[in-house]
Amino acid sequence: MTTWIKAKRIMARYLSEMRWYVIVSFTLAYAVSSYLLLYAVGEYDLLATHNFAYWLVVTGSTVGYGDMSPTTEAGKWAVALYIIPVGLSIFALLLGRIANWVGNQWQKGAKGLNALNVENHVLLIGWNGKRTMQLLKLLLIEKASASNNPDIVLCVRADIENPMPSKIDFVKVHSFNNDDDMDRACIDKAATIIIDNPQDDMTMTTALYCSKRNQKAHKVAYFDDESLVPLLQKHCPEIECTPSVAVEMLAKSAFDPGSSLLHHDLLDVYEGQAQFSATIPEATQDLKVETVFLALKKRYNATFIGYVEHSDFHNIIVNPPLTDELHAGAKVFYIADKRINDIAWQSFADSSEEI
């Protein structure tokens, strides 16, 4: 085998791979060879330090502003036969490679293969088709009214692409219990974790894993089988479990017509009155329920319905006595047209007598 054939095969192999170091090497070789060729034909004006790089890029990419050009006969032939054809090939190669890289990155993002860099986000784990899509739409509406405007991240095992690529972040994993996979969803930095899987046993194991990885996050798990709720809360009492209430709504509506519609309206964030919550900030003095009830109604046209002390969601007090006292850190639940941000809690106490 001749030396030329060997060299040809080596070049074909590297060019077929088209790795970045190959492209950079060819670009540098092109620049050096062009410099030497111009020097050999006497085009010294084009070789000035402040001229050569600019002229080579403009000429090699065939932009050709015309402000600088070869003046010798040999220089013109060198540009026509070598610098422009080779430069155009390298320029097209670079553009194609960059476009391919950008396209791959977009595809990886759409397929959920990239690692995210988010924090204090809402992490939704699981895929249930239309139910998950509806949940995402509701979360986006809640996000728009929230003061911190958290990112929404969907983490799935299903073989799907990002269902809302311009609105949410997306991660596809092999297992909800694998550290490397879940690190890509920044599970340890999430402020809220929602677990909603088609199978209750998967929800159970995922909830246990999330409790281990992120104890500070507010975690919510949905179960079709209500009997699993006490089992999970025995090991992870901080997780808020939401069993299906369809049967309860049927029974309630049978004796109190309209109950199911009422509860639907309180949960619906699209229009009308809905239920929200707010936390009394630290350093706020104790407030009586009567004071908060009247202040919310008079100042914000909102209706106080209950409270919970220090996120103890297993002991929510609904319709409490007016004499109860609310302390800093308590979460207050209310009904209003929209979420109320920046409630003036301290002014409630300062003007309690006026209210």
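Residues numbered from 1 in each chain as written. Predicted model: local features only at pLDDT ≥ 70, side-chain atom pairs only at ≥ 80, totals over all residues. Heavy atoms only, no water.

Participant: Talk me through the overall build of the protein; I want residue IDs and the actual numbers.
Facilitator: Along its length, the protein carries twelve helices and twelve strands. Scored against the burial criterion, the 355 residues of the protein give a buried share of 35%. Nonlocal contacts in the protein, meaning residues at least 24 apart in sequence, comprise 63% of its contacts between residues at least 6 apart. Here the protein has roughly 20900 Å² of accessible surface; of this, 58% comes from carbon and sulfur atoms. (Helix = DSSP H or I, 4+ residues; strand = E, 2+ residues; numbered from the N terminus. Buried < 20%, exposed > 50% of the residue type's maximum accessible area, 1.4 Å probe, protein only. Contact = heavy atoms within 4.5 Å. Areas by Shrake-Rupley, 256 points an atom, 1.4 Å probe, with all protein chains shown as cover.)

Participant: Could you give me a rundown of the sheet that holds strand β6 (residues 240-243), with the residues and numbers involved?
Facilitator: In spatial order, the strands read β3-β2-β1-β4-β5-β6; together these six strands make up an open sheet with parallel pairing. In this open sheet, the two edge strands, each paired with only one partner strand, are β3 (169-172) and β6. The average undirected angle you get between the axes of adjacent strands in this sheet is 15°. With four bridges joining them, strand β1 (residues 122-125) and strand β4 (residues 192-195) adopt parallel strand pairing. Bridge pairing in β4 links V122 to T192. Most of the contacts of helix α5 (residues 130-145) go to strand β2 (residues 152-156), to which it runs at about 160°, and overall it touches β1, β2, β4 and β5 (218-223). (Pairing = 2+ DSSP bridges. Axes fitted to C-alpha atoms, helices over the stretch in contact; angles between N-to-C directions.)

Participant: Could you give me a rundown of the nonpolar core, with the residues and numbers involved?
Facilitator: Counting 29 residues, the largest nonpolar core has L123, I125, C155, M182, I193 and L232 as the members making the most contacts within it. Breaking this core down by element, the ones donating at least two residues are β1, β2, β4, α7 (200-213), β5 and α8 (228-235). Element by element, the count of residues in this core is highest for α7, at five residues. Here C155 is in contact with L123, L124, I125, G126, V171, V173, F176, M182 and A185, once residues within four sequence places are set aside. Ranked by size, the runner-up nonpolar core spans 22 residues in total, among them I280, L287, V289 and Y334. (Core = buried A, V, L, I, M, F, W, Y, C linked by side-chain atoms within 4.5 Å.)

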